[in-house]
Amino acid sequence: MVLFQTYYNIYQYYVENIATSYIFFSFFIFFIIYPKLIHFMNFMFAYWRPYINIKKRYGADKPNNRTYALVSGAGTGIGLEMVCKLLTENINVIATSLPRDKNDFNKTVKCLIQENNLTSQVHFIGIDIIAKGAASSASDLLEKLDAFFNANSIDLQILINCVGISNDYPKKFMDHEMKEIENLLNINLNFTVVLTNLILKKYFDYDKQCGVVFVSSQAGALPGSPLVPIYGCCKAALIHLGKTIKAEDEFSNTKKPIDVLIAIPGYVNSGKTPIWTNTKNGFGIASPRFIAHSILGNLGYNSPIVFSPYIVHGIQFAILDSWLSDYIIQMLSWNELKHSRKKIK
């Protein structure tokens, strides 16, 4: 009997502890791991679905094609590749960039149109946001758009906000000069906000499918962006603005809801990317062409609205966003950029 009671006590001890451990383990899996895993899988699912046919979605496949897209920051990099992809999809383009970009832009586009026998049209408008300010630049652009619209029968259905610049080199917030802060805010945020407001109010025909793209950055999607504080702040604001526009449109019960896509690429080997990012080569460096094609191929899914166009960047962001604390993310960002800061200075 004593031996039996001993075995029974041991059995009861293990059963109680195993049960407690199982309950704790189940709670941990269901309430902590499972939601993060679902969030991660939903984010990654976007890379396995087929690209949307934007030519058909925005009516550019019709005989009398009047579909136009407005692309800001179209002179180089992602913006230029956006223009090229839209033209190959038979979508006409109004491109805006610095006046000095016009000649190179026209050469690139002319070669593309001739080599592919394209019938789509492109119209370049030069603007200098730093020289005139965000509001004045947007107003000037609006006047030129009015003149162009009055002279041509067109349907502006897509707005792609690509314009943006980063710091000359990584620096702390207190090291920024007032003029630099003003320029970063005007180019990365203020101009895009004003332009988007004017286009949505005046030019979009909501009886037809319309779309808006914001090219943001992982610097704006992550919790804090040490050494690029103004740039990250502006890009975070674009994410918030894009989500808000989509929410307001859905709750307004419009006939055709606006397609909204907020792209958050990581490092891109772009024409105006600062030298300190060291983005010429590397596994985690995306080409502007790939980013542009991925963005346009996912415009119209509307889920997820915030989308990382390059799968390597997407995996990086999903892991950081789902599994690491804010402190660790900020520490990694600081350590990554501080070396570039020392080299440049």
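Scroll up to find the structure.
Residues numbered from 1 in each chain as written. Predicted model: local features only at pLDDT ≥ 70, side-chain atom pairs only at ≥ 80, totals over all residues. Heavy atoms only, no water.

Draft legend 1. Representation of a nonpolar patch on the surface. A grouping of Ile 315, Ile 319, Trp 323, Leu 324, Tyr 327, Ile 328, Met 331 and Leu 332 is seen on the molecular surface, where their side chains present a nonpolar patch of about 700 Å² in accessible area. Only helix 11 (311–323) and helix 12 (326–344) provide two or more residues apiece to the nonpolar patch. In terms of residues, the nonpolar patch owes the most to one element, helix 12, which gives four residues. (Patch = residues over 30% accessible without salt bridge, like charges linked within 9 Å, V, L, I, M, F, W, Y side chains within 5 Å. Areas by Shrake-Rupley, 256 points an atom, 1.4 Å probe, with all protein chains shown as cover. Salt bridge = Lys/Arg side-chain N within 4 Å of Asp/Glu carboxyl O. Helix = DSSP H or I, 4+ residues; strand = E, 2+ residues; numbered from the N terminus.)

Draft legend 2. Structural view of the packing of helix 6 (residues 134–151) against helix 7 (residues 178–202). Interaxial distance between helix 6 and helix 7 falls to 9 Å at its minimum, and their mutual angle equals 35°. For the crossing formed where helix 6 meets helix 7, the hand is right-handed. Residues Ala 134, Ser 137, Ala 138, Leu 141, Leu 142, Leu 145 and Asp 146 of helix 6 form the contact with helix 7, whose own contacting residues are Asn 186, Asn 190, Phe 191, Val 194, Leu 195, Leu 198, Ile 199 and Lys 202. (Axes fitted to C-alpha atoms, helices over the stretch in contact; angles between N-to-C directions. Left-handed = near helix turned anticlockwise from the far one by under 90°. Contact = heavy atoms within 4.5 Å.)

Draft legend 3. Local environment of the pairing of strand 6 (residues 259–263). The buried fraction of strand 6 is high, at five of five residues. Strand direction decides the pairing type here: strand 5 (residues 211–215) and strand 6, joined by five bridges, are parallel. Within the sheet, the bridge partner assigned to Val 212 lies in strand 6 and is Val 260. Pairing of strand 6 with strand 7 (residues 306–307) involves two bridges; the strand directions are parallel. Bridge pairing in strand 7 places Ile 262 opposite Val 306. (Buried < 20%, exposed > 50% of the residue type's maximum accessible area, 1.4 Å probe, protein only. Pairing = 2+ DSSP bridges.)

Draft legend 4. Looking closely at the sheet that holds strand 6. Read from one edge to the other, the open sheet built from seven strands follows the order 3-2-1-4-5-6-7, with strand pairing classed as parallel. Only two strands of the sheet have a single partner each, and these edge strands are strand 3 (122–126) and strand 7. Judged from the four bridges that link them, strand 4 (residues 155–161) and strand 5 form a sheet pairing that is parallel. Pairing of Ile 160 across the sheet is with Val 213, part of strand 5. The sheet strands contacting helix 10 (residues 288–298) are strand 4, strand 5, strand 6 and strand 7, and the helix crosses strand 6 at an angle near 150°.

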